[in-house]
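# Per-entry structural report
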Amino acid sequence: MTYSKPPRRPQFFYTTAPLPCPYVAGRTERKVVTEISGVDAEALHDRLSRAGFRRSHNIAYSPVCPGCRACIPIRIVAGAFQPDRTQRKVTRANADLAAYEMPARASAEQFALFQRYQSARHGDGDMAAMGFYDYRAMVEDTPIETMLVEFRDPDDRLAGACLTDRLGDGLSAVYSFFAPELEKRSLGTYAIVWLVERVRTLGLPHVYLGYWVPESQKMAYKARFRPTEILVGGTWRVLTEADLTAERTDPALVPESAE
């Protein structure tokens, strides 16, 4: 008896209702979303990531805000990455930390650190109100290969963590958090540099950082990891110095809509 492969089900995309933009004050946000599930979840996630989508739980999303293209997909070219002076200093300052690639399983220790981080850095944000079960869903509700990179000090205390997705062409930094009293260590920067080095050892080309938002101070830092590529007009190209100074109304910087 022979068995035929079941037909692939159609992939449906939906547009969310308008909400206040979390990055640029006074603007509204809309997203196109689709479910990632089934035996083809990994391949679908790879394709969507290369098209500028991000993952949350089992949903992939991309901004489609009317009249605004401030969110630009960005990724580091790992093989050519050259840390700048500040990034080298951060790496030296955190040389005492050990990194562990953990399964995507939530722990009470992680959640306690997550809460402290949210309270100190994003106390007025939605994530500050998350309970343990919300945090566990953020970590564990994943249809693809996901890990938590834990950074621990010499006394085995959890200093920071980075939720990370594995892609066919690299790693994707989903969310990172760290002990607020260790702010001077710049663990967010260190986690990205660590991911770049890890991607290199895996023989893969990219670290995906989500969206570069030049108008948002908390998102503009992503352009400091060079060389990086941005998705413009459906094509990944190297971020240039001209991009860093261009006006946001420059049509050359308007990414292709995901609609």
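First things first, this report covers the structure right here in the doc. From a predicted model like this one, the values you see are computed outputs, not experimental measurements. (Residues numbered from 1 in each chain as written. Predicted model: local features only at pLDDT ≥ 70, side-chain atom pairs only at ≥ 80, totals over all residues. Heavy atoms only, no water.)

## What to know about the overall build of the protein
Looking only at helices and strands, the protein has seven helices and 14 strands in total. For 259 residues, the compact-globule formula gives about 18 Å, and the C-alpha radius of gyration of the protein, at 19 Å, lands near that figure. A principal-axis box enclosing the C-alpha atoms of the protein has dimensions of 60 × 55 × 40 Å. Going through the 259 residues of the protein one by one, you find that 43% of them count as buried. When contacts within the protein are restricted to residue pairs at least 6 apart in sequence, long-range pairs at least 24 apart make up 65% of them. (Helix = DSSP H or I, 4+ residues; strand = E, 2+ residues; numbered from the N terminus. Rg over C-alpha atoms; globule rule 2.2 N^0.38 Å. Buried < 20%, exposed > 50% of the residue type's maximum accessible area, 1.4 Å probe, protein only. Contact = heavy atoms within 4.5 Å.)

## Some points on the sheet that holds strand β7 (residues 72-77)
Ordered by their spatial adjacency, eight strands build an open sheet running β8-β9-β10-β11-β12-β7-β13-β14, and the pairing between neighbours is mixed. Unpaired on one side and paired on the other, β8 (98-103) and β14 (235-238) mark the two borders of the sheet. Strand after strand, the sheet turns through a mean of 35 degrees between neighbouring axes, direction not considered. Pairing of β7 with strand β13 (residues 228-232), which is carried by three bridges, proceeds in the antiparallel orientation. From the neighbouring strand, isoleucine 74 faces β13, where its bridge partner is isoleucine 230. (Pairing = 2+ DSSP bridges. Axes fitted to C-alpha atoms, helices over the stretch in contact; angles between N-to-C directions.)

## Some remarks on unusual backbone geometry
The omega torsion of the bond from arginine 226 to proline 227 falls at 0 degrees, within 30 degrees of zero and hence cis. Here proline 227 shows up in the loop between α6 (217-220) and β13. Of note in this structure, histidine 57 is not a glycine but carries a positive phi near 60 degrees. Tracing the chain through its elements places histidine 57 in the loop between β5 (54-56) and β6 (59-63). Overall, histidine 57 belongs to the partly exposed group, its relative accessible area being 26%.

## As for the side chain of lysine 222
Take lysine 222: it is sitting in the loop between α6 and β13. Here leucine 209 takes part through its backbone oxygen, which lies 2.6 Å from a polar atom of the side chain of lysine 222. Excluding its chain neighbours within four sequence positions, the residues that come into contact with lysine 222 are Ile74, Leu209, Gly210, Tyr211, Trp212 and Thr228. (Polar contact = N/O pair within 3.5 Å; in protein donor to acceptor, adjacent residues only side chain to side chain.)

## What about the packing of aromatic side chains?
The full count for this structure, using the stated rule, is 14 aromatic pairs. Each ring, one from tyrosine 135 and one from phenylalanine 177, has its centre 6.1 Å from the other, and the planes form 85 degrees; the classification is edge-to-face. Of this pair, tyrosine 135 sits in helix α4 (residues 132-140) while phenylalanine 177 is found in strand β11 (residues 170-178), placing the two residues 42 residues apart along the sequence. Exposure class is identical for tyrosine 135 and phenylalanine 177. Each is buried. Lysine 31 extends its terminal NZ or CZ atom over the ring of tyrosine 61, reaching a point 4.4 Å from the ring centre. Seen from the ring of tryptophan 236, arginine 75 lies directly overhead, with NZ or CZ sitting 4.2 Å from the centre. (Phe/Tyr/Trp six-rings, centres within 6.5 Å; stacked < 30°, edge-to-face > 60°. Lys NZ or Arg CZ within 6 Å of the ring centre and 35° of its normal.)

## A word on a positive patch on the surface
Taken together, Arg85, Arg88, Lys89 and Arg92 make up a surface patch of like positive charges. As for its position among the elements, lysine 89 is in helix α2 (residues 85-93). Relative accessible area serves as the criterion here: at 58%, lysine 89 is assigned to the exposed category. (Patch = residues over 30% accessible without salt bridge, like charges linked within 9 Å, V, L, I, M, F, W, Y side chains within 5 Å. Areas by Shrake-Rupley, 256 points an atom, 1.4 Å probe, with all protein chains shown as cover. Salt bridge = Lys/Arg side-chain N within 4 Å of Asp/Glu carboxyl O. Lys, Arg positive; Asp, Glu negative; His and termini not counted. Charge placed at Lys NZ, Arg CZ, Asp CG, Glu CD.)

## Section: the environment of phenylalanine 111
Within the fold, phenylalanine 111 resides in helix α3 (residues 108-121). The exposure class of phenylalanine 111 is buried, given its relative accessible area of 10%. Separated by 26 residues in the primary sequence, phenylalanine 111 and arginine 85 have C-alpha atoms spaced 33 Å apart. Setting aside anything within four residues of it in sequence, one finds phenylalanine 111 in contact with Met130, Gly131, Phe132 and Tyr135.

## Looking at the packing of α2 against helix α5 (residues 187-202)
Look at α2 against α5: their axes get within 9 Å of each other, and the N-to-C directions meet at 95 degrees. In terms of their interaxial angle, α2 and α5 are classed as roughly perpendicular. Together, Gln87, Val90 and Thr91 of α2 and Thr189, Tyr190 and Val193 of α5 make up the contact between the two elements. Residue classes in the contact of α2 with α5 are distributed as three nonpolar, three polar and no charged. (Parallel < 35°, antiparallel > 145°, perpendicular 65-115°, else oblique. Nonpolar A, V, L, I, M, F, W, Y, C, P; charged D, E, K, R; others polar.)

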